[in-house]
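Here's the letter readout for the chains.
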Amino acid sequence: MATLAFVLTGCALDKSAAGRNALQPIAADILISGGMVYTGDRRHQGSVADVAVRGDKIVFVGRASPEAVNPEQILDATGLIVAPGFIDPHTHADGDLFSNKPERRLNANYLTQGVTTAFVGNDGGGSSDVNAQKEMVAKASIGTNVAFLVGHGAIREQVIGLADRAPTPDELARMKKLVAKAMCEGAFGFSAGLYYTPQNFATTDEVVALAQEAAKRGGYYDTHIRDESSYSIGLLGAIKEALEIGRRSGAPTHISHIKALGADVWGASGDVVALVEAAQAGGQKVTADQYPWLASGTRISNALLPSWALDGGLKAARERFADNAILQKVKIEMTENLRRRGGAETILITRTLGGEKTYENKTLKEIAEILKVNPVDAAIVILQNGDAQIASFNMTETDVEAFMKRPWVMTGSDGSGGHPRKYGTFPHKFARYVTDKHILNISEYIYRSAGLAAESFGLDKRGFLRKDYAADIVIFDPEKFQAKADYAHPELLSEGVIHLLVNGKIAIRNGQITNVFAGNVLVPTTMDDEIDCKM
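Residues numbered from 1 in each chain as written. Predicted model: local features only at pLDDT ≥ 70, side-chain atom pairs only at ≥ 80, totals over all residues. Heavy atoms only, no water.

Description of the sheet that holds strand β13 (residues 286-290)
What the eight strands build is an open sheet, ordered β7-β8-β9-β10-β11-β12-β13-β18; its pairing is parallel. Two strands lie at the open edges of the sheet, namely β7 (86-88) and β18 (409-411), each paired on one side alone. If you compare each strand with its neighbour and ignore which way they point, the axes differ by 25° on average. Of the strand pairs in this sheet, strand β9 (residues 145-151) and strand β10 (residues 189-193) are connected by three bridges, and their pairing is parallel. Opposite V150, over in β10, you have F190 as the bridge partner. (Pairing = 2+ DSSP bridges. Helix = DSSP H or I, 4+ residues; strand = E, 2+ residues; numbered from the N terminus. Axes fitted to C-alpha atoms, helices over the stretch in contact; angles between N-to-C directions.)

Structural data, given as structure tokens:
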């Protein structure tokens, strides 16, 4: 075993007269030695230092000299960046973390990005049965930490179904009770996806009533806003609605994957920023996350079908196609939606869902040419046989960078199949926007990837490299940290993470995944069990 001593303020010294200068060795399981340490604080520019870990906690951060830290093993971090493990506030990793396949539960696509904590249940998809999810994790271990959100869509479908109507007073009471139950079982907040069926049928008042239940229990409101383009109320109208919901409910507001989607709203980032920062100046807590890609990812049904056609779901939409008059109306609106997204050449089919596999990695324009029909008819063919995941190239670099520069915007992958963001968001942002374009410096990048999320959502003692904090630590090579995934090959693991600790256990060593399942369920510490959780 190696023995080291430290020479920084805060070292363990014997304060007695006889031993005033005697070093008291710190016992450690792991010493991360000689790296460029970024503590996660936004103003800390990094310094060569050492980090000692014992069990699942950090026990020392500072510069060591060779006598009195006594580690079982040393990880040499010379030439590498040492940072708090990254926290992704918006994933769709539920299916992986709850899989019966260990290789999926390992969550390797996030580990190799340096992510140690993943939020699930975004876009309104989070189950109200948080206890059941916690039990699943307890029975089958996972590779990353997980934090739960309870979802508007899951609750609305459970109580009302997919119908386009308002809840009755009794149904709303049931929905509120389900939100409260999930919060009391450990959800961090209430998520909504007001662009998606059936949530798009909800009024602002309905969402406020449900968000209040989260706010009462210390939770936040996480929203895929109603319109990121010009589909319904427009981008600015949707931002105003999100801020109104936060203000009226009392819940801190978090805007998911903030963007200006489509030609109709290109350049609107400045107006969005002004609205958010005016709300912040008035005392409202507002944050956002962003993925650093110019293409969004969704299903072709969500991108092109009008919302009224999805009343009752995609099955009901297909039944409507049989009525030629309705089909022609659908096609007219689909044509406009396709224009909003920049045309058929901007829609890349990344994965077919129940349809023709030969369409994958082709644009909608190319598929239309193969079928010898117009692009909208080609989309109808796809929808008649299933659905498809798409990458939709509909954002500008100017807007992406404008949002990225704001101090309240953190990194989030919105990781879904068929898009490289699930496998490469964090390293892609570093390589392109820190190393190449210098939009952010390293300290800003790390804070936006860890500490900002921890502070915003109440993750206790995570997101920073500090004594007594959880030992979630990423050690990466700044010259090699990059995404390998692209739109044609969206499931390639990223490179450049040399070592990774999750709760003090080594999940990646020397660039190799160790297959250690060290993730925990994280729960908030802000709940008042005595008052708010009497069901």
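Digging into helix α5 (residues 152-159)
For α5, the complete set of buried residues consists of H152, G153, I155, R156 and V159. Seen along its axis, α5 keeps its buried residues to an arc of 165°; they face one direction. In the core, the buried residues of α5 are packed alongside β9, α6 (169-184), β10 and α7 (204-215). In the stretch just after α5, G161 is the one whose phi turns positive, near 90°. (Buried < 20%, exposed > 50% of the residue type's maximum accessible area, 1.4 Å probe, protein only. Arc of directions from axis to C-beta. Contact = heavy atoms within 4.5 Å.)

A look at the nonpolar core
Counting 66 residues, the largest nonpolar core has F86, V150, F190, Y221, Y445, F476 and L500 as its most contacted members. If we skip the residues at most four places from it in the chain, L500 touches L111, G114, V115, T116, I473, V474, K505, I506, A507 and I508. L75, L452, A454 and I475 belong to the second-largest nonpolar core, a separate cluster that totals 33 residues. (Core = buried A, V, L, I, M, F, W, Y, C linked by side-chain atoms within 4.5 Å.)

A look at the environment of E397
Topologically, E397 is positioned in helix α15 (residues 397-404). Along the sequence, E397 and P292 sit 105 residues apart, while their C-alpha atoms lie 9.2 Å from each other. Beyond its immediate chain neighbours, meaning those up to four positions away, E397 contacts L294, R432, Y433 and K437. A polar contact of 2.6 Å, which involves the side chain of E397, links it to the side chain of R432. Side-chain polar atoms of E397 contact the side chain of Y433, separated by 2.4 Å. (Polar contact = N/O pair within 3.5 Å; in protein donor to acceptor, adjacent residues only side chain to side chain.)

Here's the deal with the pattern of salt bridges
Scanning the model with the defined rule gives 27 salt bridges in all. We note a salt bridge from E244 to R248, for which the minimum N-O separation is 2.9 Å. Here E244 pairs with R248, and both are found in helix α8 (residues 234-249), just four residues apart, close to one helical turn. E244 gets classed as partly exposed once you look at its relative accessible area, which sits at 26%. Across the pair E401 and K437 runs a salt bridge, and its minimum N-O distance is 2.5 Å. Here the residue E401 occupies a position in helix α15, and K437 occupies one in the loop between α16 (421-436) and α17 (442-457), the gap between them amounting to 36 residues. On the accessibility criterion, E401 (14% relative accessible area) is buried. Using a relative accessible area of 33% as the deciding quantity, one classes K437 as partly exposed. Ionic contacts of the salt-bridge type, sharing partners, join the residues E397, E401, R432 and K437 into one network. (Salt bridge = Lys/Arg side-chain N within 4 Å of Asp/Glu carboxyl O.)

What is shown is where atoms sit, not what they do.
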